[in-house]
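Understanding the architecture of this molecule
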Amino acid sequence: MLAIIFDTDGIACAEASARLTKLLLCYGISEVLTLEEETDLADIHHRYSTQDEVVLVSALQDISSLAIRRLTLTQLAAARVHLSDIKFNGFSNVNNLNGTQLNGIKPNSTTVNGAKLDSIVRALRNNPSIAHYTLQQVDSADALRIGGSFSTAGIRKYFYKHAKGRGAIKLNDEVRFYQSLPLPLQQYYPELVSASKNEGGVSMNIEYKEYPNLRDLLLNLQIRPAEAVQLIGQVLKYEYRQAFCSYRQPTPENYLQDYHYDRVWRRIQISTELDEDFNGLVNARWLRVNGRNLPNIPAMLLRLEEDKAAGARLDPGGVSPFVHSDLHLENILCDVAGGRFWLIDPRGYPSCDIYYDLGKLAHSYNSKYDLLHEGRHEASFAFRDDTAVIDFHFTSDTLTQLYAEVNDRMTPVIHELFGGREDPADVDLRVRFNEAMHFCSDMPFHIRPGRTRTWRCPSMPSARSCSLRCWRSSTLTSIRV
């Protein structure tokens, strides 16, 4: 991704441009150029293809890290302005506009033809296809808050959520969770104000807590890893001691099958229904990820289902109806100065275990799902015989190192949580298992039917006609060989 600092008047100071350049590089920008009045746009057009993302930034604005993060967010249907053959995530200070704006339009190929850059951007104001946001809106704590899976969300007087269809089931579970919370646990969640259920779906209003979530604090570079880990430690003490241990029940029969294996099988099936090209990836016998050879997900699921000894070791040792069950960093609101937190968007399972949530947290900071979620990575894949070859890397060294430090600091915190009552090796194994199961069930929420892909889909081998049902009936023999 390229960033262009827009300074056609030539009046921005070198210090401001240097600060802006440093901030852009923190979020995975590969190159930063300063565009002045005499800059030849043709040179830029020749150097970058129509598939390259370009961030256009005014050198005169004091732009926050949150705004830069929003600009470089590729996972969302980000706002885009077109300048000749290059797509611009437009962020510009235009003379006749009131404030700085985000502009968005799908690219075409008929814009520049010698016109000045500021005139081109100014003309976008009246285009009905463009979404406009003030800098104040982009800098608000809620600019990046996204509804849960299959749900829509927004802020009214209270925080409002509504879902229908598949999402209504999950939202109804969340409402039930709030309604059943024991009094000692209610202080750790916003108050449920109202809820309704009818033919149009399920709706709820909860108390609005005007505090940032922990994912945003980290990605906006507004909190140090040591502070983040201290807050996570407080959350886990509540989750383990109060929500889990105080209401612990025996692990239900077939718990791993119901909460993990069957869930992953269902999500794989949904993925193949959402995008038929996904079948080729699912039906590959093997994966080669960044050079490491692994059995594919269905093969590993089959082995786990058959391995009773592994199942016994992975047993969580009990469940509770008040474990959050979706405890990733975005679902932790933080009052950093006051040392307080609130949990939001609980999954609302009838019961769940502490390792399920430890896996959710590790899913954020160990495997860096937060960076994947925002598209701060580059990936490619191809088929080689019966192997799907996948290569990927993260595009921001700053954020990658930030999350790596959080991960390093979290290991002793988790071991101390159990106070010597569990073997650390078993704790680590259960956390990694849950983390893996969460990743293996994420696919449907990242497939957007009908949207233009940002990756190239290779031709599917003709041998990829085997259905998911074939995996469950015929694969185990070949995996054992």
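First, a word on what this report is: a plain description of the structure on this page.

Analysis parameters
Residues numbered from 1 in each chain as written. Predicted model: local features only at pLDDT ≥ 70, side-chain atom pairs only at ≥ 80, totals over all residues. Heavy atoms only, no water. Pairing = 2+ DSSP bridges. Helix = DSSP H or I, 4+ residues; strand = E, 2+ residues; numbered from the N terminus. Expected span 1.5 Å × (residues − 1). Contact = heavy atoms within 4.5 Å. Buried < 20%, exposed > 50% of the residue type's maximum accessible area, 1.4 Å probe, protein only. Polar contact = N/O pair within 3.5 Å; in protein donor to acceptor, adjacent residues only side chain to side chain. Phe/Tyr/Trp six-rings, centres within 6.5 Å; stacked < 30°, edge-to-face > 60°. Salt bridge = Lys/Arg side-chain N within 4 Å of Asp/Glu carboxyl O. Axes fitted to C-alpha atoms, helices over the stretch in contact; angles between N-to-C directions. Left-handed = near helix turned anticlockwise from the far one by under 90°. Nonpolar A, V, L, I, M, F, W, Y, C, P; charged D, E, K, R; others polar. Parallel < 35°, antiparallel > 145°, perpendicular 65-115°, else oblique. Patch = residues over 30% accessible without salt bridge, like charges linked within 9 Å, V, L, I, M, F, W, Y side chains within 5 Å. Areas by Shrake-Rupley, 256 points an atom, 1.4 Å probe, with all protein chains shown as cover. Lys, Arg positive; Asp, Glu negative; His and termini not counted. Charge placed at Lys NZ, Arg CZ, Asp CG, Glu CD. Bend = angle between axes of the 7 residues up to and from the residue. Core = buried A, V, L, I, M, F, W, Y, C linked by side-chain atoms within 4.5 Å.

What to know about the pairing of strand 10 (residues 192-198)
The pairing of strand 10 with strand 11 (residues 201-206) spans six bridges and is antiparallel. Bridge pairing in strand 11 places Asn-198 opposite Gly-201. Hairpin connection of strand 10 to strand 11: two residues between the antiparallel strands.

Points about helix 6 (residues 166-180)
Taking 1.5 Å per residue, 15 residues should reach 21 Å; helix 6 reaches 22 Å between its end C-alpha atoms and fits that length. Looking at the buried side of helix 6, the elements it contacts are strand 9 (159-163), strand 10, strand 11 and strand 15 (340-343).

Overview of the side chain of Glu-435
Along the chain, Glu-435 turns up in helix 17 (residues 424-440). Residue classification places Glu-435 among the buried positions, given a relative accessible area of 4%. Reaching out from Glu-435, the side chain makes a polar contact with the side chain of Ser-367 at a distance of 2.3 Å. In contact with Glu-435, other than residues within four places in its own chain, are Gly-359, Ala-362, His-363, Asn-366 and Ser-367.

Overview of unusual backbone geometry
A positive phi is found at Asp-345, a non-glycine position, where the angle reads about 55 degrees. By secondary structure assignment, the location of Asp-345 is in the loop between strand 15 and helix 14 (354-365). For Asp-385, which is not glycine, the phi dihedral falls at a positive 55 degrees. As for its placement among the helices and strands, Asp-385 is situated in the loop between strand 16 (377-384) and strand 17 (387-394). Given the relative accessible area of 73%, Asp-385 is considered exposed.

Some points on the packing of aromatic side chains
Inspection of the entire model under this criterion finds 18 aromatic pairs. Aromatic pair Tyr-259 and Tyr-349: ring centres 5.1 Å apart, planes at 65 degrees, arrangement edge-to-face. You can see Tyr-259 sitting in helix 10 (residues 255-274) and its partner Tyr-349 sitting in the loop between strand 15 and helix 14, a full 90 residues away along the chain. Exposure remark for Tyr-259: the relative accessible area of 14% places this residue in the buried category. One aromatic cluster is present, built from ring pairs that chain together Tyr-240, Phe-244, Tyr-355 and Phe-418.

Quick look at the pairing of strand 17
One ladder, built from four bridges, connects strand 12 (residues 286-289) with strand 17; its direction is parallel. Bridged to Leu-287 within strand 17 is Ala-388. One ladder, built from eight bridges, connects strand 16 with strand 17; its direction is antiparallel. By the bridge assignment for strand 17, Ala-382 is matched with Val-389. The turn joining strand 16 and strand 17, which pair antiparallel and follow one another in sequence, is formed by two residues; a positive phi near 55 degrees is taken by Asp-385.

Considering the pattern of salt bridges
Under the counting rule described, the total for this entry stands at 15 salt bridges. A salt bridge links Glu-227 to Arg-224; its shortest N-O distance comes to 3.8 Å. For Arg-224, a relative accessible area of 55% gives the class exposed. Residue Arg-313 is joined to Asp-426 by a salt bridge in which the shortest nitrogen-to-oxygen separation is 2.6 Å. Within this pair, whereas Arg-313 is found in helix 13 (residues 308-314), its partner Asp-426 is found in helix 17, the two being separated by 113 residues in sequence. Judged by its relative accessible area of 40%, Arg-313 is partly exposed.

As for the sheet that holds strand 17
The sheet built from four strands is open, its strands ordered 13-12-17-16 with mixed pairing. Among the strands making up the open sheet, the edge pair consists of strand 13 (292-295) and strand 16. Neighbouring strand axes in the sheet, compared pairwise and without regard to direction, differ in orientation by 25 degrees on average.

Topic: the packing of helix 9 (residues 225-244) against helix 16 (residues 397-417)
Packing of helix 9 against helix 16 brings their axes to within 9 Å, and their N-to-C directions diverge by 35 degrees. Here helix 9 runs over helix 16; the crossing is right-handed. The residues of helix 16 that touch helix 9, namely those facing Pro-225, Ala-226, Val-229, Ile-232, Gly-233, Leu-236, Lys-237 and Tyr-240, are Leu-402, Glu-405, Val-406, Arg-409, Met-410, Val-413, Ile-414 and Leu-417. Split into classes, the residues belonging to the contact of helix 9 with helix 16 amount to twelve nonpolar, one polar and three charged.

Some points on the packing of helix 9 against helix 14
Across the interface, helix 9 lies against helix 14 with an axial gap of 11 Å and an inter-helix angle of 165 degrees. Taken together, the axes of helix 9 and helix 14 lie roughly antiparallel to each other. The crossing of helix 9 and helix 14 is right-handed. Touching Ile-232, Leu-236, Glu-239, Tyr-240 and Phe-244 of helix 9 are Ile-354, Asp-357, Leu-358 and Leu-361, all from helix 14. Looking at the contact of helix 9 with helix 14 residue by residue, the classes come out as seven nonpolar, no polar and two charged.

Focus: a positive patch on the surface
Positive charge collects at one region of the surface, where Lys-237, Arg-241, Arg-248 and Arg-421 lie side by side. Checked against the element boundaries, Arg-248 lands in the loop between helix 9 and helix 10.

Focus on helix 16
For the α-helix, the turn length of 3.6 residues means that residues three or four positions removed from each other point alike. The end-to-end C-alpha distance of helix 16, which contains 21 residues, comes to 30 Å, matching closely the 30 Å that a straight helix rising 1.5 Å per residue would cover. Its maximal kink placed at Met-410, helix 16 deviates by approximately 30 degrees, while the proline Pro-412 follows within four residues. Where helix 16 is buried, its residues contact helix 1 (14-26), helix 8 (214-219), helix 9, helix 14, helix 15 (369-373) and helix 17. Directly after helix 16, the chain includes Gly-419, whose backbone phi takes a positive value near 55 degrees.

Quick notes on the nonpolar core
One finds Leu-214, Leu-236, Ile-332, Leu-358 and Phe-418 to be the most contacted residues of the largest nonpolar core, which totals 91 residues. Ranked by residues supplied to this core, first place goes to helix 9 with ten residues. Setting aside anything within four residues of it in sequence, one finds Leu-358 in contact with Leu-236, Ile-414, Leu-417, Phe-418 and Val-431. Judged by nonpolar contacts, the second largest core, of five residues, contains Ala-284, Phe-381, Phe-383 and Ala-388.

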